[in-house]
Amino acid sequence: MKRIISLSSLLVVLGSLLILSSCNRGKKNTLQLHGLEGNLSGMTAYLYDETDTTKTPIDSIVIRDTVASLSLDKLKKGYLYLLSCEGTPLNAQFVYEETSLDYNLSDGRISGSPANDASNAFEQDIQVIMQADSIDQAAGQKIIRKYVAEQKNNPLVLRAIQYAMYLFDDLSEFQKPLEEMGENVKRLPAYTTLTEMIQGMINTKPGKSFADFEGITTDGERVKLSDYVGQGQYALVDFWASWCGPCRREIPTLIEMHKKYKDKGLLVLGVGVWEDSHDVHLQAVKELQIPYPQIYDDQNNHATSLYGIMGIPQIMLIGPDGVIMQRDLRGEQIDEILSQIYK
């Protein structure tokens, strides 16, 4: 039996659909902030585009309660943004996917869309690996490979490459996945930094010739790394900074190696990086009573970029011909290697 709809009924249905459509078009997407602590009251949270080096806020909200709402109307689909309230724990990146999102201060995560939820799941899985008493490197690598393969258009995928720096000995396998990532990923300054870092690691891995750069000596003289290495003697090169605790703990070993092997031809060389100023570097050299030569990198972190250095200290041994023999040396391991060379 056919069901007959009257014209008046049809007009009512169509009218209702038009109203619903109009309501949907007018729907505002927001970022809901939950669990805001009382001491945030009166402070301002800002929204930034992660590609904006000037850090000009897109929008802002003054926090008045434990819950707040920020409009996302000015954002672009697929772009990466930062929510931040300086000097507080309120700091989170998120991808806008034309939907409302939720931020909870207790875990610092933003959820409510596929890209953000996938990132949260990855972070949860990888943190189980990274925070274990004994890191399961193979399990961590599997998690990273899967996430990178599935999320090439997700700007938050770059976090996985940062974890890979610690879990992979060779990052060359990530060159192709990085090249295949979407334009909304490639537009990020972090993308450029990571691709340069990985290329630097590949270019300066053991078996490759050293990469040259310029800097300043403790006497203020402008020199190159090539003025010291590749000159027919073994060189132990230490990339370090005054504020870095692990760096300072390696200095006594390096001083001992300098004293023990300098007459046999070893050159120990410090490279000051990531400092506020040359004066800060000089003060640390004086405090630690470092007797071997130093080059201070005053070229906007050029030295560490060339070598793909993500963490310091980075101590490497370079042969008499300028070929890098080993990287990531530490403590007693250094003397074990040098004792074999100078036996």
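See the structure above.
The sections below set out a description of the structure shown in this document. (Residues numbered from 1 in each chain as written. Predicted model: local features only at pLDDT ≥ 70, side-chain atom pairs only at ≥ 80, totals over all residues. Heavy atoms only, no water.)

Moving on, we come to the packing of aromatic side chains. Applying the stated rule across the entire model yields ten aromatic pairs. With centroids separated by 6.2 Å and ring planes inclined at 35 degrees, the aromatic side chains of Y46 and Y48 adopt a geometry described as tilted. For Y46, a relative accessible area of 30% translates into the label partly exposed. The class for Y48 is buried, based on a relative accessible area of 14%. Here the aromatic rings of F122 and Y147 are separated by 4.3 Å at their centres, their planes lie at 10 degrees, and the arrangement is stacked. Separated by 25 residues along the polypeptide, F122 in helix α2 (residues 114–130) and Y147 in helix α3 (residues 137–150) bring together distant segments of the chain. Like F122, the residue Y147 is buried in the burial classification. Stacked on the ring of Y48, the Lys or Arg K55 has its end atom at 5.5 Å from the ring centre. A cation over an aromatic ring shows up here: R187 above the ring of Y79, its NZ or CZ 3.5 Å from the ring centre. (Phe/Tyr/Trp six-rings, centres within 6.5 Å; stacked < 30°, edge-to-face > 60°. Buried < 20%, exposed > 50% of the residue type's maximum accessible area, 1.4 Å probe, protein only. Helix = DSSP H or I, 4+ residues; strand = E, 2+ residues; numbered from the N terminus. Lys NZ or Arg CZ within 6 Å of the ring centre and 35° of its normal.)

Here we take up the pattern of salt bridges. Working definition: two side chains of opposite charge can pair if their charged atoms are close together. Enumeration according to the criterion identifies twelve salt bridges in this entry. Put simply, R187 and D49 hold a salt bridge, and the shortest N to O gap is 3.2 Å. Taken together, the residues span a long stretch of sequence, with R187 in the loop between α6 (183–186) and α7 (189–203) and D49 in strand β2 (residues 44–49) at a distance of 138 residues. Of the residues examined, R187 reaches a relative accessible area of 26% and is grouped as partly exposed. (Salt bridge = Lys/Arg side-chain N within 4 Å of Asp/Glu carboxyl O.)

What follows covers the nonpolar core. L236, F239, Y307 and L338 are the most contacted members of the largest nonpolar core, which has 45 residues in total. Put simply, the parts of the chain that give this core at least two residues each are β11 (235–240), α8 (245–261), β12 (267–272), α9 (278–287), β14 (314–318) and α11 (331–341). Per-element accounting of this core gives the leading share, six residues, to α8. Those residues in contact with L236 that sit more than four places away from it in its chain are L254, M257, L266, L267, V268, L269, I315, M316, L317, L329, I334 and L338. Residues V95, M165, F174 and M181 belong to the second largest nonpolar core, which totals 31 residues. (Core = buried A, V, L, I, M, F, W, Y, C linked by side-chain atoms within 4.5 Å. Contact = heavy atoms within 4.5 Å.)

What follows concerns the sheet that holds β2. Strands in a sheet are paired, the pairing made by backbone hydrogen bonds, and the direction either parallel or antiparallel. Spatially, β3-β2-β5-β6 is the arrangement adopted by the four strands of the open sheet, whose pairing is antiparallel. Strands at the two margins of the open sheet, each flanked by one partner only, are β3 (59–62) and β6 (91–95). Adjacent strand axes in the sheet meet at a mean angle of 20 degrees when their direction is disregarded. Note: strand β5 (residues 80–84) against β6, five bridges, orientation antiparallel. If you follow L83 over to β6, its bridge partner there is A92. (Pairing = 2+ DSSP bridges. Axes fitted to C-alpha atoms, helices over the stretch in contact; angles between N-to-C directions.)

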